[in-house]
Amino acid sequence: DQDNLVHAVMVEVPSDDERSREELPFANATKLVPVHKQFRVWIGGVAVLGAFVALIVILPGVGNQPPTPPAPTSSMPSLSLPPSSSSIPSMFPSIDPSGNPSHFPSVSPSSNEELQQNALFELSNVLANENWTKNNGWGSSSSNMCSWYGVVCDTDGLDIFVTELNLAANNLTGNIDDASLLGNLKYLEQLDLDSNSIVGNLTEFSFNLIQFSNLKYVDLRLNELTGSIPPEVCDSIEGVDLRVDCNIECDCCSHDVLCEEECSDVPGWHNYFGEAYDCAWYAASDVRCESLGSAYENDGHTANTACCVCGGGTRGFKSSPSSAPSSIPTQSPSVSQ
């Protein structure tokens, strides 16, 4: 039994404080940061790095921005607009409440005014304005279009509208078919191109008239135009006073009034015996044409060919007054009160 007896011996182990540092396990180990705290550190690092990259990308672009234009100085002209006018000045004269036009420089033209002026420029090129009898202002981009010869304007206080174009008997030449921008004068009320040398197809051109909703008067007589005015054009411009030559077929042109035929004696004709025996002498008696009408030829004519009373003379259509302006329009736009 003694052999199986286990002797227990108490061994006293010194504490960590009592042991030397060399004997302690992991004495020099670094304290580990918890995993969740390590993730936050990485996130913060990425955010800082992203901020630096953004600064590198953005700052050069900011440096290349164009400089801010300097504010207007006292040497630059200032514009003073009426209280009722738009804050943006027009390229053409604005109208103050008294009705007197003020001539400001061209600053910011409205699209309507640009379109109208471009149409007038094209018209002047197509119809050879350098040969016109009167072409004051035409072709000049520095002058107000409302001061050009034959151009009459109206205004609503903000914009300028071309309402009349009066160029009758002004030596206009060219093909009116080439005036493709004429429709931009959409506020036009009166168009007078009477007594010129304009050529072109009136049938095709007449369809342009449909675009002018304010149109009241058009005179294209005594030119060299051909074609006709289609019925559909007449239906679309009902109420417009349209005047074309009498040989132009047109159902809405008042041919029954404007194209009444008349006879004119050959100017200055008299028979072989002298000035006393002119067409008036033949008209004074009912028998003179019958008995003497074919006798006493002079300048290639007898009474029967020179005098209307004897069945001669020249026959044509009555001419009616043109609306051509009697003088150059004033140098300021016309304004309806």
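Preceding this paragraph is the structure being described.
Residues numbered from 1 in each chain as written. Predicted model: local features only at pLDDT ≥ 70, side-chain atom pairs only at ≥ 80, totals over all residues. Heavy atoms only, no water.

(A) Highlighting a nonpolar patch on the surface. Side chains of Tyr272, Phe273, Tyr277 and Tyr296 sit close together on the surface and give an oily, nonpolar patch of about 450 Å² of accessible area. Structurally, Tyr296 can be placed in the loop between helix H7 (288–292) and helix H8 (303–306). (Patch = residues over 30% accessible without salt bridge, like charges linked within 9 Å, V, L, I, M, F, W, Y side chains within 5 Å. Areas by Shrake-Rupley, 256 points an atom, 1.4 Å probe, with all protein chains shown as cover. Salt bridge = Lys/Arg side-chain N within 4 Å of Asp/Glu carboxyl O. Helix = DSSP H or I, 4+ residues; strand = E, 2+ residues; numbered from the N terminus.)

(B) Unusual backbone geometry, seen in detail. Within the chain, Asn171 stands out as a residue other than glycine whose phi angle is a positive 60°. Within the fold, Asn171 resides in the loop between strand E4 (160–166) and strand E5 (173–175). Its relative accessible area of 39% is what places Asn171 among the partly exposed residues. Even without a glycine there, the phi angle at Asp299 is positive, about 55°. Turning to its location among the elements, Asp299 is positioned in the loop between H7 and H8. Asp299 gets classed as exposed once you look at its relative accessible area, which sits at 64%. (Buried < 20%, exposed > 50% of the residue type's maximum accessible area, 1.4 Å probe, protein only.)

(C) Just the nonpolar core, in detail. Ranked by size, the top nonpolar core spans 45 residues in total, and within it Leu120, Trp138, Leu165, Leu185, Ile229, Leu242 and Val244 carry the most contacts. Mapped by element, the contributors of at least two residues to this core are helix H2 (111–126), strand E3 (151–155), E4, helix H3 (202–206) and helix H4 (231–236). Beyond its immediate chain neighbours, meaning those up to four positions away, Leu165 contacts Leu120, Leu123, Trp138, Gly150, Val151, Leu185, Leu188, Gln190, Leu191 and Asp192. In terms of nonpolar packing, the next biggest core, distinct from the first, is built from nine residues, Cys279, Cys289, Ala306 and Cys307 among them. (Core = buried A, V, L, I, M, F, W, Y, C linked by side-chain atoms within 4.5 Å. Contact = heavy atoms within 4.5 Å.)

(D) Spotlight on H2. For H2, with 16 residues, the first-to-last C-alpha span of 23 Å sits near the 22 Å given by 1.5 Å per residue. The set of residues buried in H2 consists of Glu113, Gln116, Gln117, Ala119, Leu120, Phe121, Glu122, Leu123, Ser124 and Val126. Contact partners of the buried residues in H2: E3, E4 and E5. Looking one or two places after H2, you find Ala128, whose phi comes out positive at around 50°. (Expected span 1.5 Å × (residues − 1).)

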